[in-house]
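# Inside the fold
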Amino acid sequence: MIEVENLVRKFKDFTAVRGISFSVSRGEVFGFLGPNGAGKSTTIKMLSTLMRPTAGSASINGYSIEEQQDRVRRSIGMVFQDPSLDERLTARENLFFHAMLYNVDRRLFRQRMREVLEMVELADRAGDQVKLFSGGMKRRLEIARGLLHYPRVLFLDEPTVGLDPQTRIKIWDYIHLLRKREDITIFLTTHYMEEAENCHRIAIIDHGEIVAGDTPVNLKKMVGGDVITVNTHRAGAVTDRLRERFGLRTARHGDAIKVEVEQGETFIPLLAREMGEDISSVTLKKPTLEDVFIKLTGREIREESVSAVDRMRVFARRRMR
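None of the values given here were measured: they were computed from a predicted structure.

### Some points on the packing of aromatic side chains
What the rule picks out here adds up to nine aromatic pairs. Summarising the aromatic geometry, the rings of phenylalanine 32 and phenylalanine 187 are spaced 5.3 Å apart at their centres and angled 55° between planes, so their arrangement reads as tilted. Here phenylalanine 32, found in strand E3 (residues 29–33), pairs with phenylalanine 187, found in strand E8 (residues 185–190); they are 155 residues apart in sequence, far enough to count as distant. Neither phenylalanine 32 nor phenylalanine 187 differs from the other in exposure class; each is buried. An aromatic cluster of three or more residues is present, and its members are Phe22, Phe30, Phe32, Phe155 and Phe187. The ring of phenylalanine 11 has arginine 9 lying over it, and the distance from NZ or CZ to the ring centre is 4.7 Å. Geometry around tyrosine 192 places arginine 168 over its ring, the cationic atom sitting 3.7 Å from the centre.

If you want it as C-alpha cells, here you go:
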C-alpha cells in the first residue's frame, strides 16, 4: 500500500529526512517512532503530497506522490498533529465541508456521516459547535473526518499528543475498530512508547534516518531477555546457587542480585522452589521500546534535539514568506 525508496528532504543546509526506504502492507498499522525533530512529520507531509521530496520516490495505493498527486490525495485521509477543525462550525458542518472538498455525493454523505460519527460515539453531538468539545472529542471528530471519503490509507500524525492517558486508550480503541471495519492501512507517527506497541511493525527514526524496523516483539529481542531482580538476606549463597544450578551470569548490588533470562514468567516459579526461604522478594522487568531506542541511539527518546526542531521551524517560516 505504501512504497518508499531513498526518500530525502532538505531545507537548505539542513537535511530533515536522509534517504529512508520502507514499505507498508495493506491493512497494516505501521508506526514511525522517534523524538521530535527526527523527521516523522516531514515524512508524512511528503507522503501526503503536502511537501515535495528533495530526492527519492514513493507511492501510495500504487500512485506516485509526485506524478499522480490527485490520485494520492483521494486515496488518503489525514489527522494532523495540530488541530485543524473549524471550532465555530458544528461537527456536522465540519464533515460537510470536508465532503464538498472530496466531491462526496450528498446522499452518500448523509449515510457516511452517520456511520463515522457513530463509530467515534459523537452521533448525538453532530449539531454542536466544535468549540464546546473536549480535546478527546475533537480528536475523535478529526478521525471521523479523515474516514469520511473512504480512504485506503489513514495518516495519523501524533494522534494522541496532549491527551490524558484514559482518552489516549479510548482513541486507540477507535483506531483498532476502524481498521477492522474500514479495511484500511494506518500510518502513524508517535513518540509515546506505549502507543507504538499498538503497531504491527515499527520503524525507529532518529536524525532523519531509520535505525531499525520490525515488530515490537522482535525489536525488544534486540535488547536481551527479561531482567529478574532477587532481593535476599543471603546474597553470596544465592549468587553461587544461581550460577551453579542455572548457569546464569549475575550482577550483585548489595542484597539485590540481577539475572537475565529468556522467559521470566516461567523462571520465577522455578526460582522460588529452588531458593525458597532465602528470597525476600522478586521483581521482573521486560525489555521495552525505550530500551531499544537507548540501545540504538545511546539516549532516551525524551532527550530530543531542540536545536534541530528550532531549525525546522525557522526554515518552515521562511518558506511561508
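### Re the environment of isoleucine 294
With respect to the helices and strands, isoleucine 294 occurs in helix H11 (residues 289–297). When its relative accessible area of 32% is taken as the criterion, isoleucine 294 is described as partly exposed. Separated by 71 residues in the primary sequence, isoleucine 294 and valine 223 place their C-alpha atoms 9.4 Å from one another.

### Some words on the environment of methionine 193
With respect to the secondary-structure elements, methionine 193 resides in helix H7 (residues 193–196). Residue methionine 193 is classed as buried on the basis of its relative accessible area of 12%. Distance in space between the C-alpha atoms of methionine 193 and phenylalanine 293 is 9.7 Å, their sequence separation being 100 residues.

### Comments concerning the confidence of the model for the chain
On average, residues of the chain score 87 in pLDDT, and 93% of them are at 70 or above. Across residues 303–321, confidence stays below pLDDT 50; counting only partners more than four residues off in sequence or on other chains, it has 18 contacts.

### A look at the sheet that holds strand E14 (residues 279–285)
Remark on secondary structure: sheet strands pair via backbone hydrogen bonds, oriented parallel or antiparallel. Overall, antiparallel pairing links the four strands, which are arranged E12-E13-E11-E14 in an open sheet. Across the chains shown, the open sheet's two edge strands, defined by having one partner strand only, are strand E12 (250–253) and E14. On average, each strand axis in the sheet is inclined to that of its neighbour by 20°, with strand direction left out of account. Where E12 lies against strand E13 (residues 256–261), four bridges are found, and the strand directions are antiparallel. From the neighbouring strand, threonine 250 faces E13, where its bridge partner is valine 259. Across the sheet, helix H9 (residues 235–246) touches strand E11 (226–232), E12 and E13, and the angle it forms with E12 is around 170°.

### Observations concerning the pattern of salt bridges
Opposite charge on two side chains makes pairing possible when the charged atoms of those side chains draw close. For the coordinates displayed, the defined rule picks out 22 salt bridges. For aspartate 86, the salt bridge goes to arginine 88, with nearest N and O atoms at 3.4 Å. In this structure, the salt-bridge partner of aspartate 291 is lysine 285, at a minimum N-O distance of 3.0 Å. Residues participating in the shared-partner salt-bridge network are Arg26, Arg152 and Asp183.

### Remarks on the sheet that holds strand E2 (residues 14–24)
If you trace the four strands from one edge of the open sheet to the other, you get E2-E1-E4-E5, paired in antiparallel fashion. Here the strands that pair on one side only, and so sit at the sheet edges, are E2 and strand E5 (63–64). Here strand E4 (residues 55–60) pairs with E5 via two bridges, running antiparallel. By the bridge assignment for E5, isoleucine 60 is matched with tyrosine 63. Most of the contacts of helix H1 (residues 40–47) go to strand E1 (residues 2–11), to which it runs at about 115°, and overall it touches E1, E2 and E4.

### Quick look at the pairing of strand E6 (residues 76–79)
On E6, burial covers both faces: Ile76 and Met78 on one face and Gly77 and Val79 on the other are all buried. As judged from the four bridges shared by E6 and strand E7 (residues 153–157), these two strands associate in the parallel manner. Bridge pairing in E7 links glycine 77 to leucine 154.

How each quantity is defined
- Residues take numbers from 1 onward in each chain, read along the sequence in its written order.
- Where local features are concerned, this predicted model is filtered to residues with pLDDT of at least 70; where side-chain atom pairs are given and counted, the filter is 80 or more; whole-chain, interface and lining totals use all residues.
- Computation of side-chain values covers all heavy atoms of the structure but excludes hydrogens and water.
- For Phe, Tyr and Trp, rings pair up if their centres lie within 6.5 Å, where Trp contributes its six-membered ring, and each pair is then called stacked (planes under 30 degrees apart), edge-to-face (over 60) or tilted (otherwise).
- A helix here means a DSSP run of H or I that spans at least four residues, while a strand means a run of E at least two residues long, and both kinds are numbered starting from the N terminus.
- Remark: exposure states derive from per-residue accessible area (1.4 Å probe, protein chains only) relative to the maximum for the residue type, with buried under 20%, exposed over 50%, and partly exposed in between.
- Both a distance and an angle decide whether a charge sits over a ring: NZ of Lys or CZ of Arg must be within 6 Å of the ring centre and within 35 degrees of the ring normal.
- Confidence of the predictor at the level of single residues is captured by pLDDT, which takes values from 0 to 100.
- Contact between two residues is taken to exist if any of their heavy atoms lie within 4.5 Å; hydrogens are not considered.
- Criterion used throughout: strands pair if DSSP finds at least two bridges between them.
- Here the axes come from fitting lines to C-alpha atoms, over the contacting stretch only for helices, and the angles between their N-to-C directions go from 0 to 180 degrees.
- When a carboxyl oxygen of Asp or Glu is within 4 Å of a side-chain nitrogen of Lys or Arg, the pair counts as a salt bridge.

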